[in-house]
Structures are given as structure tokens and as C-alpha cells.
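# Understanding the architecture of this molecule
So you can see what is in the structure, the chains are spelled out below.
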Amino acid sequence: MPEGNTIHRLARIHTRDFAGRRVAVTSPQGRFEREARRLDGRRFRRAEAYGKHLFHHWSGGVVVHVHLGMAGWFYRHARRIPDPRPTVRMRLSVRGLATDLIGPPTCEIIPDFARKALLSRLGPDPLRPDFDPDRAMGELRRRPRRTIGDALLDQRVLAGVGNIYRAEALFLTGIHPLRPSGRITAAEWESLWRTVRRLMRRGVAQSEIRTVAPGEPPHPLSGRATGDSFYVYQQEICRRCASPIREFPLSARRMFACPRCQRSGGDMSSTSRRPSALPARRRHR
């Protein structure tokens, strides 16, 4: 499933391609035909990303909500525009440019109050200017025994974080995924959300997710390539210490962690003291 960085990148592309223009809208597949007729010829205002949700704002206050799920994707065609495939749910086209949406579980017109209701059920999005880390900390505090690795994949905690970013951010901050959320200190939480945001911002700028810092060499005993993309995600050997990576199921997904670089598991047996509980909320600028 595309993570939040991909949705934000798509929102930027769609705004660049269509904002302020009257757009032809069709549904070759037919499953969006009635809605396409309603949109056809309207002026495209902007695209908005929140977590893994994409919203197209049109003239007249019409909003289209798209969630790509596991199989959905947008295909962009410039200059030579092919005939649409019969599987295209929605085609947006202007002169010399078309974008085809194929395979989404969700593509619907919704009233703005439904959009706001949906957003109210999501946690803060690290890529948005209104991101509030204290609000996410409040969600962690509500279920202190829940592991931090499980919590990070919950869209009610942080919207847009997926399996890659949770594994890589926890590694970079040295936090074991099985650490209970209530044992994450304030300093650790600040380091974690800042790491998530930094990685995701880099992902928006890139055409693919790469979390390894540019120019960072691998451990000489790791056998890892200089140009690989991840520290622990889907890896067998830790890039930094050359220890075997541990893989285990968490949140019905594959989790990856280095037992040497990420100490303090769920039983806290590898730490000499317990970190303090999450403190009261404070404002972050």
C-alpha cells in the first residue's frame, strides 16, 4: 500500500497538472460513470493529501475522495495519450495530458462534512503544516501497554505511516518495536516523530522510498551494498552493526528490527532502568 509520502507527491502532481483548468472526466470502466458526468468540464481547484487519503477539490465545492489501497494507482500520460484501458475507473484529461486511476478500493464523491468526519478519525499527518505531535502522543498514552511498533501503523496515531517508515524510523531512533508505548520517553518520542517526518519529506521529493542517508557506508562486515535503500526493512543483516536482523509478525505485517541497535524490547530485559512514562502535553512549535 502506498505510504503517505506517495499520496502527498501525487497531490502535488495533480495540483500542478490540473489546478485552475477545466478538466474532462470519464469513467471507461463504468463504475464511476455517474460521478464523472457530474465532474466533466468543471474547474479543478486543488488536490489535498492527508495520510493515505487523497482529495480532489472541484469548483462548486465538489470533493472526490480516493484511497489507493493495495492495488490502486494513478498513471500519467503526456503528449501521446493512449486510449484508456477498460479498467480505468476515472480519467482526468486536459490538452496534451491525461491521468488514469486504476484499481482503487475507494473513488467517490463526498460532501465536505464527510471529508471532515473522515479526517477527525485520523491522527495527525507528519507531512502537513498543521501536524501536532502532542495529539499523537495523547493517542499513545491512551493505550500505554500497546507496543510502539503496533501503534505507529495505526492511522489514528500518525496518518500516512506505513510498514517501511515504521521499521526504518524505529531503527534510526534505536527503539525496539516491542517497547510498550507508555515507556517511550518525551525525548524518544520527539526524536521518533522528527525522524518519521524527515524520512517522509525525503520520500515526497524522491520517486521511491530510500531511507539510508546519502553517502553513508555500510558496516564492512555486513556485506551490504553501498547504494541499498533500507537499514532493516526486508533485510537479513544490519547495515550499521552487521548483526542478523530479526523478523517477526506485528500488526499482521512483517516487522524487522536489529536486536543490537534497537534495545529495550517489550519485557525491558535489555535495559538497566525503565524510561519514564509519557509526560503531560506540551506545545511544539
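Report on the accompanying structure. Only a predicted model underlies this, so the values are computations on that prediction, with no experimental measurement involved. (Residues numbered from 1 in each chain as written. Predicted model: local features only at pLDDT ≥ 70, side-chain atom pairs only at ≥ 80, totals over all residues. Heavy atoms only, no water.)

### Brief notes about the sheet that holds strand β3 (residues 53-58)
Strand order in this open sheet of 4 strands is β2-β3-β4-β8, and the pairing throughout is antiparallel. The strands lining the two open edges of the sheet, one partner per strand, are β2 (44-50) and β8 (106-110). For this sheet, the mean inter-axis angle between neighbouring strands, taken without regard to orientation, is 20°. The strands touched by helix α1 (residues 4-18) within the sheet are β2 and β3, with β2 carrying the most contacts at an inclination of about 175°. (Pairing = 2+ DSSP bridges. Helix = DSSP H or I, 4+ residues; strand = E, 2+ residues; numbered from the N terminus. Axes fitted to C-alpha atoms, helices over the stretch in contact; angles between N-to-C directions. Contact = heavy atoms within 4.5 Å.)

### Quick word on the sheet that holds strand β5 (residues 73-78)
Within a sheet, each strand pairs with its neighbour through backbone hydrogen bonds, oriented either parallel or antiparallel. Reading across from one edge, β1-β6-β7-β5 is the order of the 4 strands in this open sheet, with antiparallel pairing throughout. Only two strands of the sheet have a single neighbouring strand rather than two, namely β1 (24-26) and β5. Direction aside, neighbouring strands of the sheet carry axes that sit 15° apart on average. Docked against the sheet, α1 engages β5, β6 (88-94) and β7 (97-102), running at close to 35° with respect to β5.

### So, the packing of α1 against helix α7 (residues 186-205)
The geometry of a pair of packed helices is captured by two quantities: the angle between their axes and the separation between those axes. Between α1 and α7, whose axes approach to 8 Å, the crossing angle comes to 40°. Judged by the angle between their axes, α1 and α7 are oblique. Regarding α1 and α7, the two cross each other, and that crossing is right-handed. Here Gly-4, Asn-5, His-8, Arg-9 and Arg-12 of α1 come into contact with α7, specifically with Met-200, Gly-203, Val-204 and Ala-205. Within the contact of α1 with α7, the residues separate by chemical class into 3 nonpolar, 4 polar and 2 charged. (Parallel < 35°, antiparallel > 145°, perpendicular 65-115°, else oblique. Left-handed = near helix turned anticlockwise from the far one by under 90°. Nonpolar A, V, L, I, M, F, W, Y, C, P; charged D, E, K, R; others polar.)

None of this, on its own, says anything about what the molecule does.
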